[in-house]
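# Observations on the model geometry
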Amino acid sequence: MWLVAAVVSLWVVLSTATLCEEARMRCAYRSGCGAALNNYMMLCSDVLAQPSDHCPKECEHALIALTSTEEGKELMNCQCEDEYCVDAKQKIYVCRAQVLKGAADATASCRLSQLICLADAQCATALRYYNQNCRSVYRGRKCSKKCLNSIEILRKQEKAAALTACRCDGNEDYDCPRMQSNLAKLCFHKHLKNHTRSHERGYEERHRKHHEASAANKCIISVIIISLCLLFSLKFKS
């Protein structure tokens with residue numbers, strides 16, 4: 001409920017709003033909000049660069065995570081002092097409908113749940129220890145006492161609530177279905193009803209294609225650079 005209220009307030013312009021530069025500095029100096037602000041600037045760069053009628057899913061998630069912090073809400077409600085700020089707010093408005101809808105169901109995506117946790121300093125610390133201490137679970141080996149302790153600490157964090165019930169959608173930077181299956185089996189001695197090997201293979205296939213596409217792009221860029229180098233070399237020799 002707190003998340004829905006936070007995002008709704010994003011679109012309310014307050015007459016006593018803080019100046020945007022002041023709000024940005026306050027957010028940047030808070031570790032949780034600062035991380036969320038960096039994610040917002042990076043994941044929403046395409047939307048902020050030019051007008052669009054589409055809001056990418058990653059930008060939507062970044063906005064929801066940013067407005068889950070008090071400083072982030074203040075930043076979104078701030079009063080612009082220049083045309084650049086006004087222009088940015090107008091461009092990002094395209095995400096409004098998706099953000100409001102997405103905030104109502106934060107557990108729909110593990111990537112979103114992770115971003116919300118990282119936007120809170122304490123939750124981000126707990127998540128970091130969990131990632132460090134539960135590596136053997138990811139590899140399918142065992143669930144150590146340190147891992148179980150890290151899980152308990154993470155569960156106590158308010159901003160980690162959505163992580164316990166989130167759903168994998170393929171946007172994570174790790175093998176989400178495999179991790180959820182191993183956690184259930186090794187740490188809680190359960191088997192996920194909807195988790196199948198075919199689902200795992202489908203997930204791995206999507207990520208394989210993504211990495212192949214990235215590798216192909218890098219190869220093309222390398223060929224172009226080499227060609228340009230040869231061209232300039234021949235030009236100078238002549």
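Residues numbered from 1 in each chain as written. Predicted model: local features only at pLDDT ≥ 70, side-chain atom pairs only at ≥ 80, totals over all residues. Heavy atoms only, no water.

## A short note on the overall build of the protein
Secondary structure assignment for the protein yields 14 helices and zero strands. Order of helices (α) and strands (β) in the protein, N terminus to C terminus: α-α-α-α-α-α-α-α-α-α-α-α-α-α. Split into buried and exposed, the 238 residues of the protein put 39% on the buried side. At a minimum sequence separation of 6, the contacts of the protein that also span at least 24 residues come to 73%. Of the roughly 14,800 Å² that the protein leaves accessible, carbon and sulfur atoms contribute 56%. (Helix = DSSP H or I, 4+ residues; strand = E, 2+ residues; numbered from the N terminus. Buried < 20%, exposed > 50% of the residue type's maximum accessible area, 1.4 Å probe, protein only. Contact = heavy atoms within 4.5 Å. Areas by Shrake-Rupley, 256 points an atom, 1.4 Å probe, with all protein chains shown as cover.)

## Topic: helix H12 (residues 145-155)
Listed as buried for H12 are Cys-147, Ser-150, Ile-151 and Leu-154. Take H12 and look down its axis: the buried residues cluster within an arc of 100°, on one side only. On the buried face of H12, the contacting elements are helix H9 (110-118), helix H10 (121-133), helix H11 (135-138) and helix H13 (176-187). (Arc of directions from axis to C-beta.)

## Focus on the packing of helix H3 (residues 31-43) against helix H5 (residues 57-66)
Where H3 contacts H5, the two axes come as close as 9 Å, and the packing angle between them is 160°. One way to sum up the angle between H3 and H5 is to call them roughly antiparallel. By crossing handedness, the relation of H3 to H5 is classed as left-handed. In this structure, H3 contributes Cys-33, Ala-36, Leu-37, Asn-39, Tyr-40 and Leu-43 to the contact, and H5 contributes Glu-58, Cys-59, Ala-62, Leu-63, Ala-65 and Leu-66. In terms of residue class, the contact of H3 with H5 is made up of ten nonpolar, one polar and one charged. (Axes fitted to C-alpha atoms, helices over the stretch in contact; angles between N-to-C directions. Parallel < 35°, antiparallel > 145°, perpendicular 65-115°, else oblique. Left-handed = near helix turned anticlockwise from the far one by under 90°. Nonpolar A, V, L, I, M, F, W, Y, C, P; charged D, E, K, R; others polar.)

## Concerning the pattern of salt bridges
What the rule picks out here adds up to six salt bridges. With a closest N to O distance of 2.8 Å, Lys-73 and Glu-70 form a salt bridge. With a gap of three residues between them, Lys-73 and Glu-70 both fall in helix H6 (residues 70-76), about one helical turn apart. Given a relative accessible area of 18%, Lys-73 falls into the buried group. Among the residues examined, Glu-70 registers a relative accessible area of 55% and is labelled exposed. (Salt bridge = Lys/Arg side-chain N within 4 Å of Asp/Glu carboxyl O.)

## Describing the environment of Thr-18
Within the element layout of this structure, Thr-18 appears in the loop between helix H1 (2-8) and helix H2 (20-28). Between the C-alpha atoms of Thr-18 and Leu-75, which are 57 residues apart in sequence, the distance is 8.0 Å. A polar contact of 3.2 Å, which involves the side chain of Thr-18, links it to the side chain of Glu-74. (Polar contact = N/O pair within 3.5 Å; in protein donor to acceptor, adjacent residues only side chain to side chain.)

## Considering the environment of Ala-23
Along the polypeptide, Ala-23 turns up in helix H2. When the C-alpha positions of Ala-23 and Cys-78 are compared, they lie 6.8 Å apart, and in sequence the two are 55 residues distant.

## A closer look at the packing of aromatic side chains
Tallied over the entire structure, the rule returns zero aromatic pairs. Of note, Arg-128 hangs over the ring of Tyr-129, and the distance from its end group to the ring centre comes to 5.8 Å. Above the ring of Tyr-138, the side-chain terminus of Arg-178 is found at 5.0 Å from the ring centroid. (Phe/Tyr/Trp six-rings, centres within 6.5 Å; stacked < 30°, edge-to-face > 60°. Lys NZ or Arg CZ within 6 Å of the ring centre and 35° of its normal.)

## Quick look at the nonpolar core
Ranked by size, the top nonpolar core spans 31 residues in total, and within it Tyr-40, Cys-59, Leu-63, Leu-66 and Ile-92 carry the most contacts. Taken together, the elements giving at least two residues each to this core come down to H2, H3, helix H4 (45-49), H5, H6, helix H7 (83-92), helix H8 (96-103) and H9. Sorting elements by how many residues they give to this core places H5 first, with six residues. Excluding residues within four positions of it along the chain, Tyr-40 makes contact with Ser-45, Leu-48, Ala-62, Leu-63, Leu-66 and Ile-92. Judged by nonpolar contacts, the second largest core, of 16 residues, contains Leu-127, Val-137, Cys-143 and Met-179. (Core = buried A, V, L, I, M, F, W, Y, C linked by side-chain atoms within 4.5 Å.)

## Quick look at the confidence of the model for the protein
Averaged over every residue, the pLDDT of the protein is 77; the share at 70 or more is 71%. The secondary structure element of the protein with the lowest average pLDDT is helix H14 (residues 197-237), at 44, and the one with the highest is H12, at 95. Note on residues 1-8: pLDDT under 50 across the span, and 20 contacts to partners over four residues away in sequence or across chains. Residue range residues 195-203 is modelled with pLDDT below 50. Its contacts to residues more than four positions away, or to other chains, number 14 contacts. (pLDDT = per-residue confidence, 0-100.)

## A look at H13
Compared with the 16 Å implied by 1.5 Å per residue over twelve residues, the 16 Å span of H13 between its first and last C-alpha is a close match. Buried residues of H13: Cys-176, Pro-177, Met-179, Ser-181, Asn-182, Leu-183, Ala-184 and Cys-187, and no others. Between the side-chain oxygen of the N-cap and the backbone nitrogen of Arg-178 there are 3.3 Å, and the N-cap of H13 in question is Asp-175. At the exit of H13 stands His-189, carrying a positive phi of roughly 55°. (Expected span 1.5 Å × (residues − 1).)

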